[in-house]
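Below, each chain spelled out in residue letters.
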Amino acid sequence: MKRFILSLFFCGLLQLSSAAQQTDSLNVVNAKWIVQKVSRGVKLKTYQFQSSLFGSNQNVSILEVKPKRKYHFELGFEKQLLRTTSDFGKSAQALAALNGTFFDIKNGGSVDFIKANGQVVNENRLDKNDNRSIHQQSAVILKDGKLAITKWDGQANWEQNLDAQSIMVSGPLLILNNQTESLDTANAFNKTRHPRSAIAVKKNKRVLLITVDGRHENSAGMSLFELSKLMRWLGAREGINLDGGGSTALWVNNQPENGVVNYPSDNKAWDHQGERKVANVILLRKR
């Protein structure tokens, strides 16, 4: 009898979870996104979910880029210094910039492999046992200005052999070949809600530069499990997590508030001024 009651209880929990996910997915699909045209084939979409996404307030910003020859993606980087995402974007005369991969807050420079225009800028910093971090097992690759996402093949020199002019190792990988990647459920980085930055590629090759704000009552932030679901509901076939937390920032040229469209959390205020200085970014530029 006890086993039967427990079985009913867990079945009930599964049904509630399934119903909640269906509601969340519909809330994302049916949201009345604020859409602004940035340039031909590029649009900015923003929406603040009021207790309607994963049972919480969530503020999401998305730059959606159609695959057009007039645009190309580049890496912006400093080998040792740190700069704000908006500064990277402005100095490159870019259309947009999204903060990139993980970096050394004290000394500057990326802690993950960066190659730009064929030149290695930073190598992976491995742990004392020469093991990779969870954010060193996938990468954003740029070839002829086009962006793609790929997964570590288990080889030590994997990134060195990738066929691309520019490479930014980051992660964890969330979606590949339309399949959600498995994540360690015990890892606090994966399961705790934080501001998040991510890149997704849709079936139609459109690229999404995504920020989710957090650490504020207006936006709780997401776990990586929640971020994976959000990207799937947005139509992503590939998806990768970037550095988040106080680094999360999306800058778009000619937008108000110095071009910062999300609410960076490093100043602990709900405004557009709280950018953290970072070591690298993804840039969208006109050819």
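Presented here is an overview of the structure given in this document.

## Quick word on the pattern of salt bridges
- The full count for this structure, using the stated rule, is 11 salt bridges.
- The residue Glu74 makes a salt bridge to Arg285 at a minimum N-O spacing of 3.3 Å. Of the two residues, Glu74 sits in strand β4 (residues 71–77) while Arg285 sits in strand β17 (residues 280–286), which places them 211 residues apart along the sequence.
- Measuring nitrogen to oxygen at the nearest pair gives 2.7 Å for the salt bridge that ties Arg132 to Glu159. Pair noted here: Arg132 is in the loop between β7 (119–122) and β8 (138–143) and Glu159 is in the loop between β9 (146–151) and β10 (166–170), with a separation of 27 residues, a long-range link. Taken individually, Arg132 and Glu159 each receive the classification buried, so the pair is uniform in this respect.
- One salt-bridge network, in which partners are shared between bridges, spans Lys45, Glu64 and Arg206.

## Re a positive patch on the surface
- A contiguous patch of positive charge, built from Lys37, Arg40, Lys43, Lys66, Lys68, Lys70 and Lys286, is present on the exposed surface.
- Checked against the element boundaries, Arg40 lands in the loop between β1 (34–39) and β2 (42–53).
- For Arg40, a relative accessible area of 58% gives the class exposed.

## Quick notes on the sheet that holds strand β15 (residues 236–241)
- Taken in spatial order, the eight strands make up an open sheet running β1-β2-β3-β14-β13-β15-β11-β12, and their pairing is antiparallel. At either end of the open sheet lies a strand with only one pairing partner, and these are β1 and β12 (179–180).
- Note: strand β3 (residues 56–65) against strand β14 (residues 207–212), six bridges, orientation antiparallel. From the neighbouring strand, Ile62 faces β14, where its bridge partner is Ile210.
- Here helix α4 (residues 224–233) sits on the sheet and contacts β2, β3, β11 (173–176), β12, β13 (196–202), β14 and β15; the angle it forms with β11, its principal contact strand, is near 30 degrees.

## Focus: the layout of surface pockets
- What the largest pocket holds in volume is close to 430 Å³.
- Surrounding the largest pocket, 21 residues form its lining, Pro67, Lys146, Leu147, Lys205 and Val207 being those nearest its centre.
- Looking at the lining of the largest pocket, the elements that each hand over two or more residues are β4, β9, β13 and β15.
- By residue number, the principal contributor to the lining of the largest pocket is β9, which donates four residues.

## Here we look at the sheet that holds β8
- Sheet architecture is open: five strands sit in the order β7-β6-β10-β8-β9, paired in antiparallel fashion. Pairing within the sheet leaves two strands with one partner each, and these edge strands are β7 and β9. Across this sheet, the average inter-strand angle for adjacent strands is 25 degrees, counted without regard to direction.
- Pairing of β8 with β10, which is carried by five bridges, proceeds in the antiparallel orientation. For Ile141, the partnering residue across the bridge sits in β10 and is Ile167.

## Thoughts on the side chain of Asn99
- Of note, Asn99 is situated in strand β5 (residues 96–99).
- Within polar-contact distance, the side chain of Asn99 engages the backbone oxygen of Asp243 at 2.8 Å.
- A polar side-chain atom of Asn99 sits 3.0 Å from the main-chain amide nitrogen of Ala249.
- Aside from chain neighbours lying at most four places away, what touches Asn99 is Thr85, Ser197, Leu242, Asp243, Ser247, Thr248, Ala249, Val278, Asn280 and Val281.

## What about unusual backbone geometry?
- Omega for the peptide link from Gly171 to Pro172 comes to 5 degrees, which places this bond in the cis form.
- Along the chain, the position of Pro172 falls in the loop between β10 and β11.
- Here the phi dihedral of Phe54 falls at roughly 55 degrees; this positive angle occurs in a residue that is not glycine.
- Topologically, Phe54 is positioned in the loop between β2 and β3.

## A look at α4
- Every buried residue of α4 is accounted for by Leu224, Glu226, Leu227, Ser228, Leu230 and Met231.
- Backbone geometry just after α4 places Gly235 at a positive phi near 95 degrees.

## Here we look at the packing of aromatic side chains
- Overall, the coordinates contain six aromatic pairs when judged by the stated rule.
- Where Trp33 meets Tyr47, the ring centres are 5.9 Å apart and the plane angle is 50 degrees; that geometry is what we call tilted. Separated by 14 residues along the polypeptide, Trp33 in the loop between α1 (2–30) and β1 and Tyr47 in strand β2 bring together distant segments of the chain.
- A residue is classified by how much of its surface remains accessible, and Tyr47, at 25% relative accessible area, is partly exposed.
- Counting every residue linked through ring pairs, the aromatic cluster contains Trp33, Tyr47 and Phe49.

## A short note on the environment of Thr84
- Within the element layout of this structure, Thr84 appears in the loop between β4 and α2 (85–91).
- The spatial distance from the C-alpha of Thr84 to the C-alpha of Ile141 is 22 Å, given a sequence separation of 57 residues.
- With sequence-adjacent residues up to four places away left out, Thr84 is seen in contact with Glu275, Arg276, Lys277 and Val278.
- Within the structure, Thr84 has its side chain in polar contact with the side chain of Ser86 (distance 3.2 Å).

About the criteria used
Along each chain, the written sequence defines residue order, and numbers are assigned to residues from 1. Side-chain atom pairs in this predicted model are given and counted only at pLDDT of 80 or more, local residue features only at pLDDT of at least 70, and totals for whole chains, interfaces and linings cover all residues. Only hydrogens and water are set aside when side-chain values are computed; all heavy atoms of the structure are taken into account. One speaks of a salt bridge when a side-chain nitrogen belonging to Lys or Arg is within 4 Å of a carboxyl oxygen belonging to Asp or Glu. Runs of H or I in DSSP of at least four residues are treated as helices and runs of E of at least two as strands, each being numbered from the N terminus. Relative accessible area decides the class of each residue, using a 1.4 Å probe on protein chains only: under 20% of the type maximum gives buried, over 50% gives exposed, and in between gives partly exposed. What goes into a patch is any residue over 30% in relative accessible area without a salt bridge, connected to like charges within 9 Å or, for nonpolar side chains (Val, Leu, Ile, Met, Phe, Trp, Tyr), within 5 Å. Using a 1.4 Å probe, accessible areas were evaluated by the Shrake-Rupley method; residue-level cover was limited to the displayed protein chains. Counted as positive: Lys and Arg. Counted as negative: Asp and Glu, with His and the chain ends omitted from the count. In this description, the location of a charge corresponds to atom NZ of lysine, CZ of arginine, CG of aspartate or CD of glutamate. One bridge is not enough; two strands pair if DSSP finds at least two bridges between them. When checking whether two residues touch, look at their non-hydrogen atoms; a contact exists if any pair is within 4.5 Å. Axes here refer to lines fitted to C-alpha atoms; in helices the fit is confined to the stretch in contact. Angles between the N-to-C directions go from 0 to 180 degrees. Here a cavity denotes a set of grid points, spaced 1 Å apart and computed over the protein atoms alone, in which a 1.4 Å probe fits but from which it cannot get out, and a pocket denotes an open set meeting protein on both sides within 12 Å along at least five of seven lines; residues with an atom within 4 Å of a point are reported as lining. Grid points are joined across faces, edges and corners, and a volume is the space filled by probe spheres set on the points. Two N or O atoms count as a polar contact when they lie within 3.5 Å, although within protein this holds only if one can serve as hydrogen donor and the other as acceptor, and sequence-adjacent residues are included solely when both atoms are side-chain atoms. Aromatic contacts are taken between Phe, Tyr and Trp rings whose centres are within 6.5 Å, Trp giving its six-membered ring; a plane angle under 30 degrees counts as stacked, one over 60 as edge-to-face, and the others as tilted.

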